Amino acid sequence: MLVVGAGTGNDVAGALRAGAEHVTAVEIDPEILQLGRELHPEHPYADSSKVTIVVDDARAFFQRDTGKYDLIVFGLLDSHTLFASASSVRLDNFVYTLQSLQEARRLLSDGGLLALSFGAPPESKWVDERLFRNLTDVFGHTPQAYEYPSTDILFLIRQSPVTEPLVANPLVTPRPDYVYRADLAPVTDDWPYLYLNNPGLPVTYIIMIIGIALISVLLTRRALPDFRQWSPFFFLMGAAFFLLETKSITEMALLFGSTWMVNAAVIAAILVMILLANALVETTKLENPLPIYILLGLSLLFNYLVPSSSFLGWNTALRVPLAALAQALPLFFAGIIFAVAFRGTKSIETALGSNMVGAVLGGLCEYASLVLGIRILILIAFGFYALSAAAMAAGRRNSVAAA
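What counts and how
- Residues numbered from 1 in each chain as written.
- Predicted model: local features only at pLDDT ≥ 70, side-chain atom pairs only at ≥ 80, totals over all residues.
- Heavy atoms only, no water.
- Buried < 20%, exposed > 50% of the residue type's maximum accessible area, 1.4 Å probe, protein only.
- Helix = DSSP H or I, 4+ residues; strand = E, 2+ residues; numbered from the N terminus.
- Pairing = 2+ DSSP bridges.
- Right-handed = clockwise from strand over helix to strand, strands pointing away.
- Core = buried A, V, L, I, M, F, W, Y, C linked by side-chain atoms within 4.5 Å.
- Contact = heavy atoms within 4.5 Å.
- Axes fitted to C-alpha atoms, helices over the stretch in contact; angles between N-to-C directions.
- Parallel < 35°, antiparallel > 145°, perpendicular 65-115°, else oblique.
- Salt bridge = Lys/Arg side-chain N within 4 Å of Asp/Glu carboxyl O.
- Expected span 1.5 Å × (residues − 1).
- Arc of directions from axis to C-beta.
- Left-handed = near helix turned anticlockwise from the far one by under 90°.
- Nonpolar A, V, L, I, M, F, W, Y, C, P; charged D, E, K, R; others polar.

Notes on the pairing of strand β2 (residues 23-27)
Within a regular beta strand, the side chains point alternately toward one face of the sheet and then the other, so they alternate between its two faces.
At step 1: Of all five residues in β2, five are buried; the element is thus mostly enclosed.
At step 2: Side chains Val23, Ala25 and Glu27 project from β2 onto one buried face, and the interleaved Thr24 and Val26 project onto a second face that is buried too.
At step 3: When strand β1 (residues 2-4) meets β2, the two strands line up parallel, connected through three bridges. When the bridges of β2 are listed, Val4 appears paired with Val26.
At step 4: Chirality of the crossover, the property in question, places the unit of β1, helix α1 (residues 10-17) and β2 among those that are right-handed.
At step 5: As paired elements, β2 and strand β3 (residues 51-55) share five bridges and run parallel to each other. Paired with Glu27 across the two strands is Val55, which belongs to β3.

See the structure below:
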């Protein structure tokens, strides 16, 4: 048996109680596992001969593991019931995507069973219906659906269709009313927003985006009183930079799970790249950064053509630095370009003000992933950088003409 999202051990304890010969328990948070070891009354993690503990993200485990399981259980891998208004829309759920379920199916034995429980509120039934659709798309037939007294839903599905009920328990109610909804967009690695009804921007998000944009301009003008002119180059560089940074944090959750470690790895890699870019410019006295745009474009092309899921099969020691490097490399080249241009600027206020406002725009443009998917953000950033190159070239021509 395989349990992903094993937590403090309730599912593992239930499996051992029911006579499971061996359980592989996958949990991303070692502190939660430790709580299970110390406090769970049945001590499910005590017998290492029957339970193998794996501290890793479920997706990474799916990608690397080669075993076969008679039963795969998706535990409650997220705070499903914490679903206030649109607050959970931005929670990426890479463990429930089509690609994730395909990897889980590969690990099932011929007669194996996959069990997926979910706790969406009754008013958000479409979340369960989307999971029903994803399972149907992956297995080629519909799962059996059951409802607990808590109104949580349990989906059960085998490699081949099963007509007889898989559960006979008076406390669990069959739900044959679930149907395949083609109008619900499936969650994928490129669009992992399980809690968003369909691709689009909620009205509350649109209002928030407009408000943040206006406040940012006003605060920048207040913080930099001399910020009166506009620098298209620094504005576009700020937009592209922050767009890539926020995209990287979202996309790296695919590799490491949605934890603070993701933010730490991505931001640390970006800061190191900026430091290296400044050191390089300082030591080489680079004057014309336009050729660096070629390397910047190639690094963006690499990120677009090589999806982050390609790193899932690597062990953690390689997955973390290589994935962080791939995500941060475009920002290294962008940092070189920015440092050279900033060194030669005539107005620091204009450069900083334009860059800060552009960064806000880039962060807001990241919300385009709710509509178009994550990978399209690379093309948007490419467009920002291409326009910044044109702005730099135009500025150089004007300087020559003025001289």
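A few points about the nonpolar core
For soluble globular proteins, the rule of thumb is that nonpolar side chains tend to be buried together.
At step 1: Core analysis: the largest hydrophobic core is formed by 52 residues, its most contacted members being Leu2, Phe74, Leu114, Leu116, Phe118 and Phe155.
At step 2: Of the residues forming this core, the biggest block, seven residues, is contributed by helix α5 (residues 125-139).
At step 3: If we skip the residues at most four places from it in the chain, Leu116 touches Phe74, Tyr96, Leu101, Leu131, Ile153, Leu154 and Phe155.
At step 4: By size, the runner-up hydrophobic cluster in this structure holds 44 residues, among which are Tyr293, Leu300, Val340 and Val357.

With respect to the sheet that holds β1
In a beta sheet, neighbouring strands are held together by backbone hydrogen bonds and run either parallel or antiparallel to one another.
At step 1: On the basis of which strands lie adjacent, the open sheet formed by eight strands has the order β3-β2-β1-β4-β5-β7-β6-β8 and mixed pairing. Strands at the two margins of the open sheet, each flanked by one partner only, are β3 and β8 (173-174).
At step 2: Relative to the sheet, helix α4 (residues 98-106) contacts β4 (69-74) and β5 (108-118), its axis offset from that of β5 by approximately 140°.
At step 3: Helix-sheet contacts for α5 involve β5 and β7 (153-158), and the interaxial angle to β7 is about 5°.

Thoughts on the pairing of β4
At step 1: Two strands pair when backbone bridges link them, and β1 and β4 are joined in this way by three bridges, in the parallel orientation. By the bridge assignment for β4, Val3 is matched with Val73.
At step 2: Note: β4 against β5, five bridges, orientation parallel. Bridging across to β5, Phe74 finds its partner in Leu116.

Some remarks on the environment of Gln63
At step 1: With respect to the secondary-structure elements, Gln63 resides in helix α3 (residues 58-64).
At step 2: Linking Gln63 and Glu349, residues 286 residues apart in sequence, is a C-alpha distance of 49 Å.

Concerning the packing of helix α6 (residues 203-223) against helix α11 (residues 348-365)
At step 1: Where α6 contacts α11, the axes come no closer than 10 Å and their chain directions differ by 170°. As judged from the angle between their axes, α6 and α11 are roughly antiparallel. The segment α6 lies against α11, with Ile209, Ile212, Ala213, Ser216, Val217 and Thr220 engaging Gly353, Met356, Val357, Val360 and Leu364.

A closer look at the pattern of salt bridges
At step 1: Enumeration according to the criterion identifies 12 salt bridges in this entry.
At step 2: In this structure, Glu42 engages Arg17 in a salt bridge whose closest nitrogen and oxygen atoms are separated by 2.7 Å. A residue pair is termed long-range when its members are at least 10 positions apart, and Glu42 in the loop between α2 (30-39) and β3 and Arg17 in helix α1 qualify at 25 residues.
At step 3: Look at Arg17 and you get exposed, because its relative accessible area is 58%.
At step 4: The partner of Arg133 in a salt bridge is Asp137, with the nearest N and O atoms 3.1 Å apart. With Arg133 and Asp137 both in helix α5 and four residues apart, the pair spans about one turn of that helix.
At step 5: Residue Asp137 is classed as partly exposed on the basis of its relative accessible area, which comes to 34%.
At step 6: Linked by salt bridges that have partners in common, Lys125, Glu129, Glu147, Arg175, Asp177, Arg181 and Asp183 make up one network.

A short note on the side chain of Ser299
At step 1: Within the element layout of this structure, Ser299 appears in helix α9 (residues 292-305).
At step 2: Once residues lying within four places of it in the same chain are set aside, the contact partners of Ser299 are Leu329, Pro330 and Phe333.

Some points on the environment of Val187
At step 1: Locating Val187 in the fold gives a position in the loop between β8 and α6.
At step 2: Residues Val187 and Ala323, 136 residues apart in the sequence, show an inter-C-alpha distance of 22 Å.
At step 3: Among all residues touching Val187, those that are not within four sequence positions of it are Tyr96, Thr97, Leu98, Arg130, Asn134, Pro192, Tyr193 and Leu194.

As for α6
Owing to its 3.6 residues per turn, the α-helix brings residues three or four apart onto one side.
At step 1: Given a rise of 1.5 Å per residue, 21 residues ought to cover 30 Å, and the 30 Å separating the end C-alpha atoms of α6 matches this to within 8%.
At step 2: Those residues of α6 not exposed but buried are Tyr205, Ile209, Ser216 and Thr220. An end-on view of α6 places all buried positions within 50° of arc, on one side of the element. Opposite the packed face of α6, turned more than 90 degrees from it, sit the exposed residues Val203, Ile207, Ile210, Leu214, Ile215, Leu218 and Arg222.
At step 3: Looking at the buried side of α6, the elements it contacts are α11 and α12 (369-372).

Topic: the packing of α4 against α5
At step 1: Orientation of α4 relative to α5, taken along the N-to-C sense of each, is 50°, at an axis distance of 9 Å. In terms of axis orientation, α4 runs oblique to α5. Every pair of crossing elements has a handedness; the one defined by α4 and α5 is right-handed. Here Leu98, Leu101, Gln102 and Arg105 of α4 come into contact with α5, specifically with Asn134, Leu135, Asp137, Val138 and Phe139.
At step 2: Residues belonging to the contact of α4 with α5 are distributed by class as follows: five nonpolar, two polar and two charged.

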